[in-house]
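# Secondary and tertiary structure notes
Here are the chains, one letter per residue:
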Amino acid sequence: MKQNTGYAWLIPVWALVIFVTGLFVTGACSAYSRSDYQQFQNAIIDHRNRLNKKFKKIRRTETRYIIVHTSELGLSTTLRVVSKGKQFKSGHRTPGGHAHYVIARSGHTYRIMDKQYRADHAGLSMWQGKQDVSSVSIGIELVGYHSAPLTEQQYRSAAMLIDILQSVYHLDDTAVLTHSQIAFGRPNPWFPKDHRGRKRCAKNFDRSRAGLGPTLDFDPDVRTERLLPDPYLAKLFYGKQPAVAKVAATAPVSNLISKNNSAWSIAGEDYDSRTTAYVLPNGRILAGNQIKDTIGWHLLPVNTKVLLDQKIEKDHIQISQTPVKVITDRMTAWSHAGPAYRFDSTIYFLPSGMIYSGSRIPDWDDLPQKTQLIIGYQGPFLITDAMTAYGIAGQKYKDPDTVYFLPPGHVKTGNTITDFSNLPEGTRVYLPLDDIG
Ligand SMILES: [Zn+2]
């Protein structure tokens, strides 16, 4: 916890850091010692030379805020995107420079650019009437999801990094905010005016675990009617029952449309994207960009399922039907499985040929790309001369939901295997949990 110190500009920054961290050795506020701070600073990984050459370095003239984000990606993709830029589905590319720091789930901290420059991290944003918050703030990306728990190591690094930055820029705890608190959106089918709720980013960031006191107990831009409130975020950040809100912050979000769960609250800015699929209760599938002119946003039936990031083939959205998911630079074990990533019924097939069940995975970001996984399965059942695929799976041995592991490293579904009499030795079967009584 930090109060703003008006006299700090009289002494050099390094002395200030030592002074402030020195205070914390004896202060009741900090859990970290001076050597913790020194070790943390020395261990920051310098990633500055990875910055996109097209990124224009512009000095900030003022630093009012520190903005915390969750990257909604794994570490390797986060580092690439913040340094090199984002590629949009339209083909548009940004020149990178989307954060000053990245904190991995291990707590390892990366310096993406010198903190004196403006990072393009907040987008359409406003706090206390000031727009373009990127121009007056430092951006910190925590590798993780707004609906998934952050790690203890991340809170430890965030606490020390924020502390140091607060000292450098003379900022108190109310200057530390999440992206979800400061982002705003333009009017859409659910909000007739500019409004909060464009981002859910870092809504799960637990300030107290990062050694921070509270922010304002109201949204300054909603109070002055510059913006409409987002009911969910307003309750979470400024509601009277923070304990309830905290539970909601990391609860898995339903992807089914209901009275209180609109397409906007599920998909956010991607609600009308051509890669967002709407599966209606009658089985009809529509893309986000088709809803307005077919059904209309306010007439989507209850229990319509919303699926993000679906493939487009021959101009039509394609829902992935196979139970075998793949970890890619965009899709982590968390994006596929959510909290089930560490269940025993989630099975991982690594590119090395190793097989692990979820309970043996330390973190969803620890799995290499091209790892395949199945969610909600029981097994393995070993196929032998005495126990055939039919003997194990019955009629379902050829089903698209029945999964086979064929040594040394092929994962196939029953419907894609043609010759069951010639399976390699050591072939194993996995069956959906709901098939087993
Ligand atoms: Zn963000």
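Read on for a plain summary of the structure.

About the cut-offs
Residues numbered from 1 in each chain as written. Predicted model: local features only at pLDDT ≥ 70, side-chain atom pairs only at ≥ 80, totals over all residues. Buried ≥ 20, exposed ≤ 12 C-beta atoms within 10 Å, placed from the backbone. Helix = DSSP H or I, 4+ residues; strand = E, 2+ residues; numbered from the N terminus. Pairing = 2+ DSSP bridges. Axes fitted to C-alpha atoms, helices over the stretch in contact; angles between N-to-C directions. Arc of directions from axis to C-beta. Core = buried A, V, L, I, M, F, W, Y, C linked by C-beta atoms within 7 Å. Contact = placed C-beta atoms within 7 Å.

Residue alternation in strand E17 (residues 372-375) divides its side chains into two sets, Gln372 and Ile374 and Leu373 and Ile375, and both sets are buried. Strand direction decides the pairing type here: strand E14 (residues 325-326) and E17, joined by two bridges, are antiparallel. Looking at the pairing, Val326 lines up with Gln372 of E17. Strand direction decides the pairing type here: strand E15 (residues 346-349) and E17, joined by four bridges, are antiparallel. Within the sheet, the bridge partner assigned to Ile347 lies in E17 and is Ile374.

The four strands lie next to each other as E18-E21-E19-E20, forming an open sheet whose pairing is antiparallel. In this open sheet, the two strands that pair with only one neighbour each are strand E18 (377-382) and strand E20 (410-413). Here the average twist between neighbouring strands, direction ignored, is 25°. Both E18 and strand E21 (residues 428-432) contribute to a ladder of four bridges, which runs antiparallel. By the bridge assignment for E21, Leu382 is matched with Arg428.

For helix H7 (residues 231-238), every residue scored as buried is listed here: Leu233, Leu236 and Phe237. The buried residues of H7 occupy an angular sector of 85° when projected down its axis, which confines them to one face.

Quick look at the nonpolar core now. The biggest cluster of nonpolar side chains holds 53 residues, and the ones touching the most others in it are Ile66, Val102, Ile140 and Ala158. Elements supplying a minimum of two residues to this core: helix H2 (34-43), strand E2 (65-70), helix H3 (75-84), strand E3 (101-103), strand E5 (126-127), strand E7 (137-142), helix H4 (152-169) and strand E8 (176-178). The element that contributes the greatest number of residues to this core is H4, accounting for eight residues. Other than its neighbours up to four places away in sequence, Ala158 contacts Ile103, Ile140, Leu142 and Ala210. Core analysis: the next-biggest nonpolar cluster, separate from the first, contains 25 residues, Ile327, Tyr341, Trp364 and Tyr377 among them.

The next subject is the pairing of E20. Note that strand E19 (residues 403-406) and E20 share four bridges and pair antiparallel. Along E20, the bridge assignment pairs Val403 with Thr413. If you look at the hairpin formed by E19 and E20, you'll find three residues sitting between the two strands.

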